[in-house]
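Architecture and fold: a report
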Amino acid sequence: MKRVGVFVCHCGLNIAGTVNVKELVEQAGKGSDIVVAADHKYLCSEPGQALVRDSIKQQRLDAIVVAACSPAMHEVTFKNLAQSSGMNRHQCEIANIREQCSWVHEDSITATAKANLIVRQAVEKVKLNESLDPISVPVTRRVIVVGGGIAGIRAALDIASSGYQVYLVEKTGTIGGRMAQLSETFPTLDCSTCILGPLMVEVYRHPNIKLLRLAQIEEVKGFIGNFKVRVRQEAAFVDEKQCNSCGECTKVCPVEIPNEFDSGLTWRKAIYVPFAQAVPPAYVLDVKNCLGLLPLACGECKKACDKLGMSCINLDAQPQIHELEVGAIVLATGFQLYDATQLSEYGYGIYPNVMTSLEFERMLSASGPTSGIPIRPSDGRVPRDVVFIQCAGQREPETALPYCSKICCMYTAKHAMLFHHKVPDGQAYVFYMDIRAGGKGYEEFVKRCQEEKGLLYLRGRVAKVYEENGKLMVNGVDTLSGKTVQIKADLVVLAVGMIPTLGSHELGSISKASMDANGFFAEAHPKLRPLESPTAGIFLAGAGQAPKDIPETVAQASGAASKALQLMSSPTLEREPTVAHVTEEFCSGCRICVPSCPYEAISVNPKTEVAEVSAALCEGCGTCAASCPSGALTLRNMTDAQMLAMISAVER
Amino acid sequence: MQSYLYFPGCSLRTAAKDFDVSAKACGQALGTELKEMQGWLCCGAVCTNMPDNLMTQAGPNRILARARRESNSLVTLCAGCHNVLKRTSIQAKRNHEKQEKINDFNEEEVFNGEINVYHLLEVLRDFVGFDTIKTKAKTPLQGLPVAAYYGCLLLRPFREMQLDDPHRPTVIEDLLESIGCSPIDYPSRTECCGSYLSVPAPETIQRLSGDIVQSARSNGAKMIVVSCPLCKYNLELSQNHNPSPMPIVYFTQVLGIALGLSQQELGLDDSHYHAIRSNLQTPIVKVA
């Protein structure tokens, strides 16, 4: 029989305040199988751990039960302790008497009785635990980063600079993302392109980064450390190595379509360079809008290029499929704006002078359609009265987005201030619900804006925007004075919210990275594992996980990179051995378990007609074990015998 | 002839008889019978949808339970009644706990929202079809500059009403266009007329409804088309001292004229009938 020790933690008063620890230790010690039962004020402290270590050695214990907080908190601590004390780490069990007992109960007598049962269960389980060795799997020491915005750029650079190969997959013709579209960044008002541009160039020149533009993920197979990713790269039709950005092709292209980079405020050709600082610095042919690749259909761009003695344009270029083997995936797919036409009360899409904040941002940019001067799209005049509507379609669970996009208070303050700098005799009005300026220097920045002349903050919402005599009439309420207000405006700017980029849902299902209720990538734990997807080996960076600003995005990207690097740091990877296991003699090959596995870890061996579990893929959830009708599938250290022993311990 | 079970409501038996009469007449002309339900009572008006007082919801639940004996759908006309009955039917489906209490109280029969409530505009749009109406309009009202006025109860709250975009609706305009009118665009289409404030605070009506009429007028409307007796009352009240007030008519009355119905069949008084006639580009042809 195993020699078992029970150690009870007071956790200060967290446990001892409700559970009578002295009595619990006494009860536990009565068990015939218990060699030692002891308690400590803080078992996780060094003196606490010393108590456990000494007991293991002196009493020659075979297994221990630690009655303390949730295993999510300190299971690893005590398993490490068991291992370093000469015991197999799987001979240590945690009895959670804090989260599942002392914190949720008030009555000491019943709480103590319950704690006793929890401890008994853990004892029964540990008595039947096998000693297991970790499973070792090899790690492919390369990383794929999806999305070439600031999050993807930062993550790719961090990983590449540590010496590992990175594939940076970007679906458009250039990297840079949303940040490239911005004029100035809050709260310091430094030029966005000036701080982003050098990083983009660094990505382009980095020997360890392979940039795949016009590319999207088609399939993800495998598991942490051993992913096989299929990437489809559309043809650019322009050889980026030869192209010297002379622009002759663009001049002759007969097609004009709205320019995405300028939020549709300007036009671009079907063969174009996304923007001046684009990386790679080469033209790209937008085949969807091109008149046709056959020289008969048009071919003007190719003729112009050939005339110069160059041969950059190849109209016969084909999409490429890349089969990549990587150890980790970083999802940095970013955001797009909520569709403002859905907010019919504001008339976006009906009145030309109602625009989104991103369109206004483009107008403020020196490289924008108006070289930084805000104008009214209807008549090209400089607006005098501008109304900014914060929280447009946000914090509206019934009709639009339920959440706050976090950055709008800041960029609206920035917009209002920049507008006022450019139009000193203008008047800006900001309708807000409340100001959320949590961040270094943020509150000070908003205060500065609010105190600026010609800038009026009105706390309240706008009910309706309509046009009358060439002006936009904005009907709103100022809740501080309790009065409704009507403003005759030249321009209305809607601070619409961030939503996940189109296609991130598909990417989520392809890569098995789960999504939250709002379509953002879900994190493994909201506080303790915010950089990881619940699927091992997939890391998250930027606004694809939740709305966030640039500093936070960059911090998360470096964090995700360091998580990926942690994985890269060793040629092999140790996985928990508590996985499913098939007793071949019992298996009838019925295949019920195959579809029950959410990780596709089970297959049936065609020769033996018996189920097989890939230990590397198995996450140890136990679904298969529950579904197996013959009991052939068992989860190591959570067998039926253990479950029954634990249930009997409670019955007694 | 397609028959629909119909709930008139109190106003349509008193101040708004013309709405009731004209709707039934239009129905006949379109081959759609509005069959009055048995045993209807007052919907309870504005008090009904107070979330914390179930007593007020007993009435509309009784109405719907009785209507269910005859049909699985019920058509309304007054925007106020429609709001009450539609929301009651949805609440009855969704909120089991509340519904159990209401059913215990009502005793008559158990009702859990097994009926669909439609406004006549929905019936015309979704079941009859504006295209059909267009072909049946014997005397299209070519170029009549009308302002469609929705008010609030017909469209809001959108989550429950689901009739049209609450900020930029088009259903009345689409109907009016199908019979040849030229509906004008004006910003006050969905503003509130002031509702029951006409009793305790008529000066508020003066302001709210006055603004609506003024907005329609300055955008070129010659008349306002409504779907609610109280809206009509308030819009008219705000013009009490105006020597040449803007005529306010029900959509069923304008529709009726286009369908070739007579002034009497639509319950139109002389001044309103004249207002419609005098603004047409082509005269109304008497159909024998």
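Treat the numbers as computed from the prediction; the structure is a model and nothing was measured.

What follows concerns the sheet that holds strand 11 (residues 215–223) of chain A. Residues and elements named next belong to chain A. The three strands are arranged 11-12-17 in an open sheet whose pairing can be described as antiparallel. Strand pairing shows two members of the sheet lacking a second neighbour, strand 11 and strand 17 (320–326), which therefore form its edges. The average undirected angle you get between the axes of adjacent strands in this sheet is 20 degrees. Here eight bridges tie strand 11 to strand 12 (residues 226–233), and the two strands are oriented antiparallel to one another. Its bridge partner being in strand 12, Glu-219 is matched across the sheet by Arg-230.

Here we take up the pairing of strand 30 (residues 572–575) of chain A. Residues and elements named next belong to chain A. Only one face of strand 30 is covered, namely the one carrying Leu-573 and Arg-575; the face carrying Thr-572 and Glu-574 has none of its residues buried. In this structure, strand 5 (residues 135–138) lies alongside strand 30, joined through four bridges in antiparallel fashion. Within strand 30, the position partnered with Val-137 by the bridge is Leu-573.

The partner chain A presents seven residues to the six residues of chain B that form the contact. Residue classes in the side of chain B that touches chain A are distributed as two nonpolar, one polar and three charged.

All names here are of chain A. Omega for the peptide link from Phe-186 to Pro-187 comes to -5 degrees, which places this bond in the cis form. Examined against the element boundaries, Pro-187 turns out to sit in the loop between strand 8 (184–185) and strand 9 (190–191). Omega for the bond connecting Val-279 with Pro-280 falls within 30 degrees of zero, at 0 degrees, which places this linkage in the cis form. Looking at where Pro-280 falls in the secondary structure, it is placed in the loop between strand 15 (271–272) and strand 16 (284–285). Of note, Asn-469 is a non-glycine position whose phi angle comes to about 50 degrees, a positive value. Inspection of the secondary structure puts Asn-469 in the loop between strand 24 (462–468) and strand 25 (471–478).

Residues and elements named next belong to chain B. Taken residue by residue, chain B gives an average pLDDT of 91. The fraction at 70 or more is 96%. Per-element averaging of pLDDT across chain B places helix 12 (residues 270–278) at the bottom with 85 and strand 4 (residues 116–119) at the top with 97. Two numbers describe this predicted complex: its pTM, 0.83, and its ipTM, 0.84.

Note on sheets: strands pair through backbone hydrogen bonds, and any given pair is parallel or antiparallel. All names here are of chain B. With parallel pairing, four strands are arranged side by side in an open sheet as 2-1-3-4. The open sheet has two edge strands with one neighbour each: strand 2 (32–36) and strand 4. On average, each strand axis in the sheet is tilted by 45 degrees relative to the strand beside it, whichever way the strands run. With five bridges connecting them, strand 1 (residues 2–7) and strand 2 associate as parallel partners. Of the residues in strand 2, the one forming a bridge with Leu-5 is Lys-35. Seen against the sheet, helix 5 (residues 120–128) touches strand 1, strand 2, strand 3 (73–76) and strand 4 and runs at an angle of roughly 95 degrees to strand 4.

Residues and elements named next belong to chain A. Considering the arrangement of structural elements, one finds Val-21 in helix 1 (residues 21–30). Along the sequence, Val-21 and Asn-208 sit 187 residues apart, while their C-alpha atoms lie 57 Å from each other. In this structure, Val-21 is in contact with Val-8, His-10, Ile-15, Ala-16 and Asp-39, ignoring residues within four places of it in sequence.

Thresholds, definitions, all that
- Residues numbered from 1 in each chain as written.
- Chains lettered and ligands numbered in written order.
- Predicted model: local features only at pLDDT ≥ 70, side-chain atom pairs only at ≥ 80, totals over all residues.
- Pairing = 2+ DSSP bridges.
- Helix = DSSP H or I, 4+ residues; strand = E, 2+ residues; numbered from the N terminus.
- Axes fitted to C-alpha atoms, helices over the stretch in contact; angles between N-to-C directions.
- Buried ≥ 20, exposed ≤ 12 C-beta atoms within 10 Å, placed from the backbone.
- Contact = placed C-beta atoms within 7 Å.
- Nonpolar A, V, L, I, M, F, W, Y, C, P; charged D, E, K, R; others polar.
- pLDDT = per-residue confidence, 0-100.

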